[in-house]
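Chain and residue survey
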Amino acid sequence: MGILRNAYQEVTSSKPLFVAIYATVVVGIVFSSFYVFSAVYSNNNSSTSWLSSPPSITSYVDAPYLDRSSNYSQLSTFAPLMPISKLPNKDTKPIWDAPPRNSQIPPLKNFRLTKQLVEERVKDNVIIVTFGNYAFMDFILTWVKHLTDMGLSNLLVGAMDTKLLEALYWKGIPVFDMGSHMSTSDVGWGSATFHKMGREKVILIDAILPFGYEVLMCDTDMVWLKNPLPYLARYPDADVLTSSDQVVPTVVDDSLEVWQQVGAAYNIGVFHWRPTESSKKLAKEWKEMLLADDKIWDQNGFNDIVRKQLGPSVDGESGLVYAFDGTLRLGILPSSIFCSGHTYFVQAMYQQLRLEPYAVHTTFQYAGTPGKRHRLREAMVFYDPPEYYDAPGGFLSFKPSIPKSLLIEGEHNLESHFVVINYQMKQIRTALAIASLLNRTLIMPPLWCRLDRLWFPHPGVLEGSMTRQPFLCPLDHVFEVNVMLKDLPLEEFGPGIGIREYSFLDNPLMPLHVKQSWLSVQLCQDGSQDCHASNNISSSGLLKFPKRSNEETFKTVFSAFKHIKVIQFSSMQDAFVGFTNKEREEKFRRRMKQYVGIWCCVASHTPGHVYYDMYWDEKPSWKPMPPQTPKDDHPPW
């Protein structure tokens, strides 16, 4: 400032022309100094994670990048004040910007996981990562689509086989080679390949943390419903934030779970790591533990090592707890909004607490990968290709009917649960037969349960949970969804029957031309007014069709409506008397018997599960009882 003062004194004793010149120079020096100071300050802060300390200017200057066609003058004005970490990387291709088809894919070595590769995608020091093999391609595309719809692009996908790597590359998705050389087929839970995938996750975390970036690691069988980064930013002191299998809420707002009350396992399907010394040490020891013993499940290993020391609380407000070695600061994400398959699909905890969910992970389900896919479709958060919504042959749906007495009256127990399930099952069985007969895909109805399903004995619903009775239950609680979607041998089980989720017609992805191609069918008593087997549609667009019609009647009448995309029946009660061809009837019965699973579990009895029986109504003495001996423990056929 002494230099400026001397300059001013010298100017005031000079001629007016020089006064003007010197004044201009002085003003330039002042503003240049201010700019340099601002740039240095911004540069220093750019190394600090946005999750830890978001700069106040960020929310303002980010907006123009969402639409580069407008506000260019505003963008130019404010760009110099933007922290360096916020400046777009000109070499980073937008996600979904697929390479030209006439180009060649780079050599595999170019896809190795390096700090430079991560740096190309990272934003605000955060990278969001998932990984998988080709069998999970559609899950990965769904995962990426949800994030990009939120405006997030700081993501990477690890490919465990070259087929997935190439497929993602040609779709414009940032991908890296994990060098796993894994099979492209699905892996069963608990298999050796499943455990190998778990180890790959630990190795991946251990590899990325030394790069100095925060890692939001996710399984592919989950989807993001809301941008989680602002939530994670609320806990800048956390080294690790993890989801859990907690089914009993410990909080009723969106704060972290009360760690002292969380008795369930920490779930590593969704967790966030900051590159602190404590977290790096945890990742290293966890990796070494798993590599030393291939019998340890990665999640169990994580729980064991993190809980070596648990407590005390970091402070009285944040909800963080000291864990692992006494220095790691751990937070447990609330299960009401970072949802498991139970808190989202069964309890709908977020709805009851009036909260907005950030994520749903397809845990607590019973039909493998097809069951996970079906659950996400039921929730209308899975992205299928257009042909999924316009199946050859069209669709068949019906309005299910359940008497109030069966659904809500009386005690919620094993008998009342099976009564209401059997009532619905019989209607579904009829609908499957008609769908098979008309070569249409059946849109499954919503399924109501009075009791929950778990892997262990329970009183109907878990004590302390928010499960309501009755509740809309996932299809895999009763039906073997994986079998229903499987290609069973034609010679043994007859023609396959496609199915769709109960929310199918409400999905925003449903094409308008399918929804508008509609025929409503009203079942009526044969012989009553205007009730006869014909393809004449009333002036209101309704087709009346006699109950208890046979195979020939169905084929004759509905052959005239093959061009109609959706045929909806008013009911399935007594709609069909059965197949004329006895061989086809027998094959259909074999198929139906494969379609239903078990309810689990009765306490104080081994085995404790009870088999559902698709043909329960043909057995007058049928009761919901577990097998009396291990010898009797088999499906009812």
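As the structure is a prediction and not an experimental result, all values here were calculated from the model.

All right, on to the sheet that holds strand 20 (residues 566–569) then. Strand order in the open sheet formed by six strands is 17-14-13-20-18-19, with parallel pairing between adjacent strands. Two strands in the sheet have a free side with no partner beyond their single neighbour: strand 17 (499–500) and strand 19 (542–546). Alignment of strand 14 (residues 441–443) against strand 17, held across two bridges, turns out to be parallel. For I443, the partnering residue across the bridge sits in strand 17 and is R500. On top of the sheet, helix 20 (residues 551–558) reaches strand 18 (518–524), strand 19 and strand 20; it is set at about 160° to strand 19, its chief contact.

Now for the pairing of strand 13 (residues 395–398). On strand 13, burial covers both faces: F395 and S397 on one face and L396 and F398 on the other are all buried. Where strand 13 and strand 14 come together, two bridges link them in parallel fashion. Of the residues in strand 14, the one forming a bridge with L396 is L442. Pairing between strand 13 and strand 20: four bridges, direction parallel. When the bridges of strand 20 are listed, L396 appears paired with I567.

Two residues of an α-helix separated by three or four positions point the same way, owing to the 3.6 residues in each turn. Taking 1.5 Å per residue, 16 residues should reach 22 Å; helix 10 (residues 277–292) reaches 23 Å between its end C-alpha atoms and fits that length. Here helix 10 has its buried residues at S278, S279, L282, A283, W286 and L290. Down the axis of helix 10, the buried set is contained in an arc of 135°. They therefore lie on one face. Set apart from the buried face of helix 10 by more than 90 degrees, the exposed residues are E277, L291 and A292.

Right, let's talk about the state of the cysteines for a bit. Disulfide: a covalent bond connecting the sulfur atoms of a pair of cysteines. Taken as a whole and judged by the stated rule, the model has three disulfides. Here C524 engages in a disulfide with C531; their sulfurs sit 1.9 Å apart. Handedness of the C524-C531 disulfide follows from its S-S torsion of about 85°: it is right-handed. On the basis of relative accessibility, which here comes to 8%, the residue C524 falls in the buried class. For C531, a relative accessible area of 4% translates into the label buried. With a sulfur-sulfur separation of 1.3 Å, C600 is cross-linked through a disulfide to C601. Taken as a pair, C600 and C601 share a single burial class, namely buried.

The rules behind each value
- Residues numbered from 1 in each chain as written.
- Predicted model: local features only at pLDDT ≥ 70, side-chain atom pairs only at ≥ 80, totals over all residues.
- Heavy atoms only, no water.
- Pairing = 2+ DSSP bridges.
- Helix = DSSP H or I, 4+ residues; strand = E, 2+ residues; numbered from the N terminus.
- Contact = heavy atoms within 4.5 Å.
- Axes fitted to C-alpha atoms, helices over the stretch in contact; angles between N-to-C directions.
- Buried < 20%, exposed > 50% of the residue type's maximum accessible area, 1.4 Å probe, protein only.
- Expected span 1.5 Å × (residues − 1).
- Arc of directions from axis to C-beta.
- Disulfide = S-S within 2.5 Å.

Keep in mind that these numbers describe shape and distance, not what the molecule does.
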